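Listed here are the chains, written in short residue letters.
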Amino acid sequence: MTGAPAPAVPVDVLRTLFHSDQGGHEQVVLCQDRATGLKAVIAIHSTALGPALGGTRFYPYANEEAAVADALNLARGMSYKNAMAGLDHGGGKAVIIGDPELIKTDELLLAYGRFVSSLGGRYVTACDVGTYVADMDVVARECAWTTGRSPENGGAGDSSVLTAFGVYQGMRASAQHLWGDPALRGRKVGVAGVGKVGHHLVGHLLAEGAEVVITDVREDSVRRVMGSHPGRVTAVSDTEALIRTEGLDIYAPCALGGALNDASVPVLTAKVVCGAANNQLAHPGVEKDLADRGILYAPDYVVNAGGVIQVADELHGFDFDRCKAKAAGIFDTTLAIFARANADGIPPAAAADRIAEQRMAAARQGGAH
């Protein structure tokens with residue numbers, strides 16, 4: 001064949017994949033369907049514990065390199081989340097490149113479903129940023145390995161209910177570890193982001209008698225919570241004001257990642273950080289900064305695992321009570337992480353990583369899942 005070679009995946013992405021501690025992925029699949037405009041990346045980090053499970057992100061990345069890098073990072077994170085949730089699933093993630101408001105069509109989603117199906121069950125997909133239950137219903141028409149579907153199509157529907165419940169259990173475990181009592185009555189809790197997950201979390205906290213302070217970039221989300229709980233919730237202008245609130249016991253980041261960074265950690269008034277947002281630590285080292293300040297951090301991928309517990313259960317015929325019982329186990333899992341952190345003299349985030357890595361290593365060596 002003649003002609004110029006096809007453009008390669010950028011060298012730094014390949015270096016990440018093959019030569020860095022952040023790599024080690026089993027398989028990365030680049031997918032394209034020109035008829036529908038589909039460009040997607042499916043990254044499988046590990047199948048040691050079982051088929052890789054993780055959502056599909058639909059996002060207008062700046063370039064293909066950024067999309068591949070995001071898929072690699074997200075897939076790796078799912079391996080740890082699924083391992084700590086006690087699921088017999090490895091980690092995987094998919095990203096579809098483009099603005100879902102502009103290019104998402106049933107035809108594109110069906111083409112994507114065919115690519116997932118071609119992996120023969122090594123990767124099980126679900127919702128993520130830019131994809132919804134209705135989208136998974138479309139993908140499922142071409143792919144049996146699809147979760148996060150509507151109840152009408154054999155799925156569990158919205159997973160935010162159990163995500164919030166799991167975060168609430170993580171808060172109770174944090175209170176038990178730090179104050180010797182899991183009760184949150186009388187504790188002041190700041191919730192940043194009261195959308196799908198955050199507003200359910202507020203309900204759990206108020207039911208137990210906690211004092212709740214909220215903020216959200218969307219005024220309608222704040223109004224909805226205030227209207228649902230008149231006179232029982234206080235709102236502040238922004239996250240900067242929330243994290244500086246006097247007397248705050250617990251800070252719950254439930255919006256964007258990177259909430260714990262070089263600017264926010266030094267001014268946090270809370271003694272505990274436990275929230276639903278993914279990737280809360282802006283960079284390596286932040287977990288030590290929190291520990292140095294005496295702030296207890298409940299690792300995000302541990303406490304927000306209620307959603308993945310729910311979508312995984314769809315593969316066995318969804319049962320809400322069974323899922324809720326498993327999500328309640330986040331309380332014990334979080335306590336075990338704090339105990340391991342104390343025993344090893346390391347931050348909880350590092351302790352969670354060690355436990356997850358040991359479970360995956362045992363599975364690779366033929367040990368029990």
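Residues numbered from 1 in each chain as written. Predicted model: local features only at pLDDT ≥ 70, side-chain atom pairs only at ≥ 80, totals over all residues. Heavy atoms only, no water.

J.: I would appreciate a short explanation of the side chain of His25 in the present structure.
T.: With respect to the helices and strands, His25 occurs in the loop between α1 (11–19) and β1 (27–33). In terms of polar contacts, His25 uses its side chain to reach the backbone carbonyl oxygen of Leu72, at 2.7 Å. (Helix = DSSP H or I, 4+ residues; strand = E, 2+ residues; numbered from the N terminus. Polar contact = N/O pair within 3.5 Å; in protein donor to acceptor, adjacent residues only side chain to side chain.)

J.: Would you take a moment to explain helix α4 (residues 106–118) for this structure?
T.: Each full turn of the α-helix corresponds to 3.6 residues, which orients residues three or four apart in the same direction. Taking 1.5 Å of rise per residue, 13 residues should cover 18 Å, and α4 covers 18 Å from first to last C-alpha, within 8% of that figure. Here α4 has its buried residues at Leu108, Leu109, Leu110, Ala111, Tyr112, Gly113 and Val116. One or two residues past the end of α4 sits Gly120, with phi positive at roughly 65°. (Expected span 1.5 Å × (residues − 1). Buried < 20%, exposed > 50% of the residue type's maximum accessible area, 1.4 Å probe, protein only.)

J.: Just to check I follow, could you spell out the pairing of strand β4 (residues 56–59) for this structure?
T.: Here is the key point about a regular strand: its side chains alternate between the two faces of the sheet. For β4 and strand β5 (residues 90–97), the ladder comprises four bridges, and the chain directions are parallel. Considered in β5, the bridge of Thr56 is made with Ala94. In this region the chain leaves β4, passes through helix α2 (residues 64–84) and returns to the parallel neighbour β5; the handedness of that crossover is right-handed. (Pairing = 2+ DSSP bridges. Right-handed = clockwise from strand over helix to strand, strands pointing away.)

J.: Please explain the nonpolar core as it appears in this structure.
T.: Proteins that are soluble and globular tend to have nonpolar side chains buried together. With 46 residues, the main nonpolar core has Met171, Val191, Leu201, Val202, Leu205, Val212 and Ile214 as its most contacted residues. Ranked by the residues each element gives to this core, the list is headed by helix α6 (residues 160–179), at seven residues. Here Leu205 is in contact with Tyr168, Met171, Leu184, Val189, Val191, Ala210 and Val212, once residues within four sequence places are set aside. In this structure, Ala40, Ala52, Ala111 and Met136 belong to the second largest nonpolar core, which totals 21 residues. (Core = buried A, V, L, I, M, F, W, Y, C linked by side-chain atoms within 4.5 Å. Contact = heavy atoms within 4.5 Å.)

J.: Teacher, can you tell me more about the sheet that holds strand β12 (residues 296–297) here?
T.: Pairing between sheet strands relies on hydrogen bonds along the backbone, with the strands arranged either parallel or antiparallel. What the six strands build is an open sheet, ordered β9-β8-β7-β10-β11-β12; its pairing is parallel. In the strand order of this sheet, the two ends are held by β9 (233–235) and β12, each with one partner.

J.: Is there a simple way to explain the pairing of strand β8 (residues 211–215) in this structure?
T.: Among the five residues in β8, four count as buried, and that is most of the element. Across five bridges, the pairing between strand β7 (residues 188–192) and β8 is parallel. Bridging across to β8, Val189 finds its partner in Val212. One crossover worth recording links β7 to the parallel β8 by way of helix α7 (residues 198–208), and it is right-handed. Of the pairings in the sheet, the one linking β8 to β9 comprises three bridges and is parallel in character.

J.: Can you walk me through helix α8 (residues 219–228) in this structure?
T.: Within α8, burial applies to Ser221, Val222 and Val225. Along the long axis of α8, the arc covered by the buried residues comes to 100°, so they all point the same way. Those residues of α8 that are exposed and angled more than 90 degrees off the buried face are Glu219, Arg223 and Gly227. The inward-facing, buried residues of α8 contact α7, β8 and β9. (Arc of directions from axis to C-beta.)

J.: What am I meant to see in the environment of Thr36 here?
T.: Position of Thr36 among the secondary structure elements: in the loop between β1 and β2 (38–46). On the accessibility criterion, Thr36 (22% relative accessible area) is partly exposed. Here the alpha-carbon distance between Thr36 and Pro230, two residues 194 residues apart in the chain, equals 48 Å. Contacts of Thr36, omitting those with residues within four sequence positions, involve Glu107, Leu108 and Ala111. A polar contact is formed between the side chain of Thr36 and the side chain of Asp33, at a distance of 2.7 Å.

J.: Whenever I open this one, the packing of helix α12 (residues 306–313) against helix α13 (residues 320–328) confuses me. Can you help?
T.: When two helices pack together, their arrangement is given by the angle between the helix axes and the distance between those axes. Contact geometry of α12 with α13 gives a least axis separation of 9 Å together with a crossing angle of 145°. Seen along the crossing, α12 lies across α13 with a hand that is right-handed. Packed against α12, whose contacting residues are Gly306, Ile309, Gln310 and Asp313, the element α13 presents Arg322, Cys323, Lys326 and Ala327 at the interface. Tallied by class, residues from the contact of α12 with α13 come to three nonpolar, two polar and three charged. (Axes fitted to C-alpha atoms, helices over the stretch in contact; angles between N-to-C directions. Left-handed = near helix turned anticlockwise from the far one by under 90°. Nonpolar A, V, L, I, M, F, W, Y, C, P; charged D, E, K, R; others polar.)

J.: What is the right way to read the state of the cysteines from this model?
T.: Two cysteines, two sulfur atoms, one covalent bond between them: this is a disulfide. Scanning the entire structure with this criterion turns up zero disulfides. Cysteine Cys274 remains unbridged, with the sulfur of Cys254 as its closest cysteine sulfur at 8.4 Å. (Disulfide = S-S within 2.5 Å.)

J.: What am I meant to see in the pattern of salt bridges here?
T.: Opposite charge on two side chains permits them to pair, given that their charged atoms come into close proximity. One pass over the structure, following the stated rule, counts 18 salt bridges. Of the charged contacts in the structure, one is a salt bridge between Arg57 and Asp70, with a shortest N-O distance of 3.7 Å. In this pair, Arg57 sits in strand β4 while Asp70 sits in helix α2, placing the two residues 13 residues apart along the sequence. Judged by its relative accessible area of 16%, Arg57 falls in the buried class. Residue Arg340 pairs with Asp344 through a salt bridge whose shortest N-O separation is 2.5 Å. Of this pair, Arg340 and Asp344 both sit in helix α14 (residues 330–344), separated by four residues, roughly a single helical turn. On the basis of relative accessible area, Arg340 is assigned to the partly exposed category, the value being 22%. (Salt bridge = Lys/Arg side-chain N within 4 Å of Asp/Glu carboxyl O.)

J.: In this structure, what is going on with the environment of His316? I would like to understand it.
T.: Relative to the helices and strands, His316 is located in the loop between α12 and α13. Classification of His316 by relative accessible area gives exposed; the value is 60%. When the C-alpha positions of His316 and Leu38 are compared, they lie 30 Å apart, and in sequence the two are 278 residues distant.

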